[in-house]
Amino acid sequence: MSKHPDAKSDGKSGDQSPPPGSPMVERFLIPSPIPTRRTRTYSQSERARAGPLFHGRMKSFCRHQGHGFIIPNEGTDPIFVHISDIEGDVVPVEGDEVSFKRCPVPPKFEKFCAAHVTITRFKEGVPHERWDNAPLLRDHN
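Criteria and cut-off values
Residues numbered from 1 in each chain as written. Predicted model: local features only at pLDDT ≥ 70, side-chain atom pairs only at ≥ 80, totals over all residues. Heavy atoms only, no water. Helix = DSSP H or I, 4+ residues; strand = E, 2+ residues; numbered from the N terminus. Buried < 20%, exposed > 50% of the residue type's maximum accessible area, 1.4 Å probe, protein only. Contact = heavy atoms within 4.5 Å. Polar contact = N/O pair within 3.5 Å; in protein donor to acceptor, adjacent residues only side chain to side chain. Core = buried A, V, L, I, M, F, W, Y, C linked by side-chain atoms within 4.5 Å. pLDDT = per-residue confidence, 0-100. Salt bridge = Lys/Arg side-chain N within 4 Å of Asp/Glu carboxyl O. Phe/Tyr/Trp six-rings, centres within 6.5 Å; stacked < 30°, edge-to-face > 60°.

1. Description of the environment of Val98
On the secondary structure map, Val98 appears in strand S9 (residues 97–105). What makes Val98 buried here is its relative accessible area of 1%. Taking the C-alpha atoms as reference, Val98 lies 5.0 Å from Thr120; in sequence the two are 22 residues apart. Once you skip the residues sitting within four places of it in the chain, Val98 turns out to touch Phe54, His55, Gly56, Arg57, Met58, Ile70, Val117, Thr118, Ile119 and Thr120.

2. Digging into the side chain of Asp96
Mapping Asp96 onto the fold places it in the loop between strand S8 (86–87) and S9. Separated by 2.9 Å, the side chains of Asp96 and His128 make a polar contact. With near-sequence residues (within four places) excluded, Asp96 lies in contact with Gly56, Arg57, Met58, Val91, Ile119, Arg121, Phe122, Lys123 and His128.

3. As for the nonpolar core
By size, the foremost hydrophobic cluster in this structure holds 14 residues, and its most contacted members are Ile70, Val81, Val98, Phe100, Ala114 and Val117. Counting only elements with at least two residues in this core, the list comes to strand S5 (54–62), strand S7 (79–82), S9 and strand S10 (111–121). The residues contacting Ala114, other than those within four sequence positions of it, are Ile70, Ile79, Phe80, Val81, Asp85, Phe100 and Lys101. Formed by 6 residues, the second largest nonpolar core is a distinct cluster that contains Ala48, Phe80, Cys103 and Cys113.

4. Let's talk about the confidence of the model for the protein chain
When pLDDT is averaged across the protein chain, the result is 78; 67% of the residues are at 70 or more. Predicted confidence is poor over residues 9–13, with pLDDT under 50, and the contacts of this stretch with residues over four places away or in other chains come to 4 contacts.

5. Here we look at the pattern of salt bridges
Side-chain pairs of opposite charge can arise whenever the charged atoms involved come near each other. Throughout the structure, instances matching the rule amount to 5 salt bridges. Arg121 is the partner of Glu124 in a salt bridge, and the nearest nitrogen-oxygen pair spans 3.8 Å. Residue classification places Glu124 among the exposed residues on the basis of a relative accessible area of 67%. Residue Arg121 is classed as partly exposed on the basis of its relative accessible area of 47%. With a shortest N-O distance of 3.7 Å, Asp132 and Arg130 are connected by a salt bridge. Judged by relative accessible area, which is 37%, Arg130 ranks as partly exposed. Within this structure, Asp89, Arg130 and Asp132 form a network of salt bridges that share partners.

6. Description of the packing of aromatic side chains
Using the criterion set out here, one finds 3 aromatic pairs in the structure. On the basis of an interplanar angle of 25° and a centroid distance of 5.9 Å, the ring pair of Phe54 and Phe100 is categorised as stacked. Of this pair, Phe54 sits in strand S5 while Phe100 sits in strand S9; the two residues are 46 residues apart in sequence, bridging distant segments of the chain. A residue is classified by how much of its surface remains accessible, and Phe100, at 0% relative accessible area, is buried. Taking the centre distance of 5.9 Å and the plane angle of 75° together, the rings of Phe69 and Phe80 count as edge-to-face. Taken together, the residues span a long stretch of sequence, with Phe69 in strand S6 (residues 67–72) and Phe80 in strand S7 at a distance of 11 residues. Accessibility expressed as a relative area gives 30% for Phe69, which makes it partly exposed.

Here you go:
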């Protein structure tokens, strides 16, 4: 394991302190347990793709943070979705209807995250942005 590249030395003992807000324990980065498209193995992706297709709607999605949640039509708990698992050219917004596959989350594989997410019906009256455009400024008041 290597030390965080942005860590700062205190100049005294050679110790390095993590940058503010860094998810570090004992001066080492904590790996994320959520399998995203970039970190899933080929076999995990193929198992998810071969699984059943689920439907739901976007509860929330933050382009800046790179993730959101889907409320499945089955009425189960909201499912995490990473930005790398959104397929298509449009950024999802709250209320969009989506289809997705489920991928188990380690280490116990009891919970799931969404994979291969596709918007099936856009929420009417809400502007949608494209991934290749600058983010829209929205009033959050």
